[in-house]
Amino acid sequence: RIRSKGAPRNAFGVISQREQNGAFTAADKVSILQHRIPKLTREQHPEVERLDSRAYGGQFSSDGTRFVAYFQDRTIRVY
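Residues numbered from 1 in each chain as written. Predicted model: local features only at pLDDT ≥ 70, side-chain atom pairs only at ≥ 80, totals over all residues. Heavy atoms only, no water.

Glancing now at the overall build of the chain. Along the chain, the regular secondary structure elements total two helices and three strands. Ordered by position from N to C terminus, the α and β elements of the chain give α-α-β-β-β. Out of the 79 residues belonging to the chain, those deemed buried represent 10%. In the structure as shown, the chain presents an accessible area of about 7,300 Å², 53% of it carried by carbon and sulfur atoms. (Helix = DSSP H or I, 4+ residues; strand = E, 2+ residues; numbered from the N terminus. Buried < 20%, exposed > 50% of the residue type's maximum accessible area, 1.4 Å probe, protein only. Areas by Shrake-Rupley, 256 points an atom, 1.4 Å probe, with all protein chains shown as cover.)

What follows concerns the environment of Val14. Tracing the sequence through the fold places Val14 in helix α1 (residues 11-21). Take Val14: its relative accessible area is 5%, and that puts it in the buried class. Between the C-alpha atoms of Val14 and Thr25, which are eleven residues apart in sequence, the distance is 8.9 Å.

On to the pairing of strand β1 (residues 55-60), then. When you tally the buried positions in β1, you get zero out of six residues, a small fraction of the element. Pairing between β1 and strand β2 (residues 67-71): five bridges, direction antiparallel. In the strand pairing of β2, Ala55 is matched with Phe71. Hairpin connection between β1 and β2: a loop of six residues separates the two successive antiparallel strands, and Gly64 in this loop has a positive phi of roughly 80°. (Pairing = 2+ DSSP bridges.)

Tracing the sequence through the fold places Ser53 in the loop between α2 (26-36) and β1. For Ser53, a relative accessible area of 16% puts it in the buried group. Sequence separation of Ser53 and Asp73 is 20 residues, and the distance between their C-alpha atoms is 5.9 Å. Contact partners of Ser53, with chain neighbours within four places excluded, come to Phe71, Gln72 and Asp73. (Contact = heavy atoms within 4.5 Å.)

Okay, structure coming up:
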C-alpha cells in the first residue's frame, strides 16, 4: 500500500517499525510531532507533577477518567 506524501502513518505501524528497528525514523519523528502530539500551551495543559524518576509507561482507565503511570523508582501513580 502506498501512502500519499505527507499522510501520517497509523500509530500501530510506526510503533511496530520502531520495535523492529530499535529507533524511530526521521520521517516518523516528524510525523509524530506534527500529527500525534497535541499543540497546547502551558495554560491549556499545565504540568501535573515534576518527577526525578523516568516513567516506564502508563495507561488510561477504560472510562478515561484516570491515568496510571509506573516509574523507574518502582512507584505507581494514579492521576
